[in-house]
Amino acid sequence: MRQKKSTLIITFATTTQAMAVEKFCQDHELPGRIIPVPREITAGCGLSWKAAPEDRERLADALRDGGLGWEEMHIIEI
Amino acid sequence: MIYLDNAATTLQKPQCVIDAVVRAMNSMGNASRGAHSSSLSASRVVYDTRCKIAKLFGCSRADHVVFTCNSTEALNIALGGLFVSGDHVITTDLEHNSVLRPLYRLEKEGIISLNFVPADVKGRPDYSAFETLIRRNTKAIVCTHASNLTGNMIDLERVGRIARDHGILLVVDASQTAGAVPIDMERMNIDVLCFTGHKGLMAPQGTGGLCIREGVEIRPFKVGGSGVHSYDKEQPSAYPTRLEAGTLNSHGIAGLSAALDYLNEVGIETIRSKETMLMQRFYEGVSRLDGITVYGDFDFERTAVVTLNIGDEDSAIISDVLYEDYGIATRPGAHCAPRMHEALGTTEQGAVRFSFSWFNTEEEVDEAIRAVAELAES
Ligand SMILES: Cc1ncc(COP(=O)(O)O)c(C=O)c1O
């Protein structure tokens, strides 16, 4: 069996929000990538941003400063 | 063929636009409907294009750029979703049926009352009327940026100031100017800008949209699949999803994206000055001929359109002869702008419209002048 890992998942209300975050993170060399929303989370948009749990504060600060929108941040085992 | 019907649609598109559509059709899935690479590639292209459109038109938020299949759909969404019972709306005699018919329908349904800013015989709007027509319940001014019939532009900065001073919305039909004339929603105080992709933007047909100022609420006109919030019974409320039910024309949007790159590379000002030069050259060539009536005002800002009649000849016949005998494509008849024809006095005769694009040449213009001269003589 695959070993589950603790992961940061950021969810979005719209695909546009997800795309904006992807572009912003790429432009600012912030960690993570787009994955489908894991089933244990309910979110508006089926896309989410996956990163390591330790990046949570850094991402939250950067996204907030950049004026980007998201729904929620979760740390889950996947 | 010499194609001078660019106000209807630009026939020649930059090669990069064609290539982008072909590439997209080989690689793009459904935007916003998955996280596999083909769906994501569509989502990225669509998002990127929103950013470019927002930048081009001075829309402060890329997520307030909503894609539609043309400006008719954008106008229907805007006009159908902005007004409530009892609202008063001001529009102008210059408008196209895609503004008029949605407004007439709302008027007939008893939702809005409607007044028109009149145009004179040269097709110029009476600017003082924008202000004198305003009432306590006026919700919006809806107006075109340029007449598709005469090419005359409306001074949007001036109208925008009036709208702002009275706290009413300004909704603009930019079908004739998007891509061909600089537009800045901030400077012009535009609340909703409706555009189509297939004319001045030189993008594929089936692209267009609306740019919405932050804080302006438009109710959705169609509801359905959005790829997000799938278990909600209502259409998601966040823009752009709120107004974008259904699969987008991502292949076309990929073409629009390439067209925007092309426009930025060449520069809208460069394109505008070439088109204006061609229009001016044609105007000077035909206006000195006997028996020619040219419509509109040539002393004010205008798009690359010259509309004329020869004597009292049926415009449809003239346009047909131009095509059959000279290989010149123009548009005759009524141009979906009934009130403008009334103002110009051309409801019976129609008028022959010559409209120029970035890809036309001076030689083509000169041939068109020669053709008109021959027809005027005969
Ligand atoms: C002024 C104006 N408004 C609206 C439209 C409608 O554009 P579309 O057919 O792309 O929706 C046109 C084009 O025919 C136009 O010239």
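What you are looking at is a predicted structure, and each value in this text was computed from that prediction instead of being measured.

Cut-off values and rules
- Residues numbered from 1 in each chain as written.
- Chains lettered and ligands numbered in written order.
- Predicted model: local features only at pLDDT ≥ 70, side-chain atom pairs only at ≥ 80, totals over all residues.
- Heavy atoms only, no water.
- Domains from an automatic or database assignment.
- Contact = heavy atoms within 4.5 Å.
- Buried area = accessible area lost by both parts, 1.4 Å probe.
- Buried < 20%, exposed > 50% of the residue type's maximum accessible area, 1.4 Å probe, protein only.
- Helix = DSSP H or I, 4+ residues; strand = E, 2+ residues; numbered from the N terminus.
- Pairing = 2+ DSSP bridges.
- Core = buried A, V, L, I, M, F, W, Y, C linked by side-chain atoms within 4.5 Å.
- Near = heavy atom within 4 Å.
- Polar contact = N/O pair within 3.5 Å; in protein donor to acceptor, adjacent residues only side chain to side chain.
- Areas by Shrake-Rupley, 256 points an atom, 1.4 Å probe, with all protein chains shown as cover.
- Nonpolar A, V, L, I, M, F, W, Y, C, P; charged D, E, K, R; others polar.
- Salt bridge = Lys/Arg side-chain N within 4 Å of Asp/Glu carboxyl O.

> For the domain arrangement of chain B, give the residues involved together with the corresponding values.
Residue and element names in this part refer to chain B. As assigned here, chain B comprises domain 1 (2-11 + 268-377) and domain 2 (15-266). Just the C-alpha atoms count here: the centres of domain 1 and domain 2 sit 27 Å apart. Taken together, the contact pairs 31 residues of domain 1 with 39 residues of domain 2. Summed over both sides, the interface between domain 1 and domain 2 buries roughly 3,100 Å², with carbon and sulfur atoms accounting for 57% of that surface.

> Tell me what's going on with the pairing of strand 8 (residues 208-212) of chain B, and back it up with residues and numbers.
Residues and elements named next belong to chain B. Along strand 8, five of the five residues are buried, which leaves the element largely enclosed by surrounding structure. What you see with strand 8 is no split at all: Gly208, Leu210 and Ile212 on one side and Gly209 and Cys211 on the other are buried throughout. Here four bridges tie strand 2 (residues 65-68) to strand 8, and the two strands are oriented antiparallel to one another. Bridge pairing in strand 8 links Val66 to Leu210. Relative to strand 8, strand 7 (residues 192-196) is paired through five bridges, and the arrangement is antiparallel. The partner of Phe195 across the bridge, within strand 8, is Gly209.

> Now, about the nonpolar core: what can you tell me, with residues and values included?
All names here are of chain B. One finds Ile53, Phe57, Ile141, Ile190, Leu193 and Cys211 to be the most contacted residues of the largest nonpolar core, which totals 65 residues. In terms of residues, this core owes the most to one element, helix 7 (residues 250-266), which gives eight residues. Excluding residues that lie within four positions of it along the chain, Ile190 makes contacts with Leu156, Leu170, Val172, Ile183, Met185 and Arg213. Val99, Leu106, Ile212 and Leu243 belong to the second largest nonpolar core, which has 28 residues in total.

> Got a sec to walk through the site of the ligand? Specific residues and values, please.
Residues and elements named next belong to chain B. Thr72, Asp173, Gln176, Thr196 and Lys199 are the nearest of the 13 residues found near the ligand. Lys199 has a polar side-chain atom sitting 2.8 Å from an oxygen atom of the ligand. In isolation the ligand exposes 390 Å². Once the protein is present, 87% of that is buried. Looking at the shell around the ligand residue by residue, the classes come out as no nonpolar, 11 polar and two charged.

> An account of the interface of chain A and chain B is requested, with residue identities and associated values reported.
In this complex, chain A contributes 16 residues to the contact, which on the side of chain B involves 17 residues. The tally of links between chain A and chain B comes to one salt bridge. A salt bridge links Arg44 of chain B to Glu22 of chain A; the nearest nitrogen and oxygen atoms lie 2.7 Å apart. It is helix 1 (residues 15-27) of chain A that contributes the most residues to the side of chain A that touches chain B, six residues altogether. Residues belonging to the side of chain A that touches chain B are distributed by class as follows: eight nonpolar, five polar and three charged.

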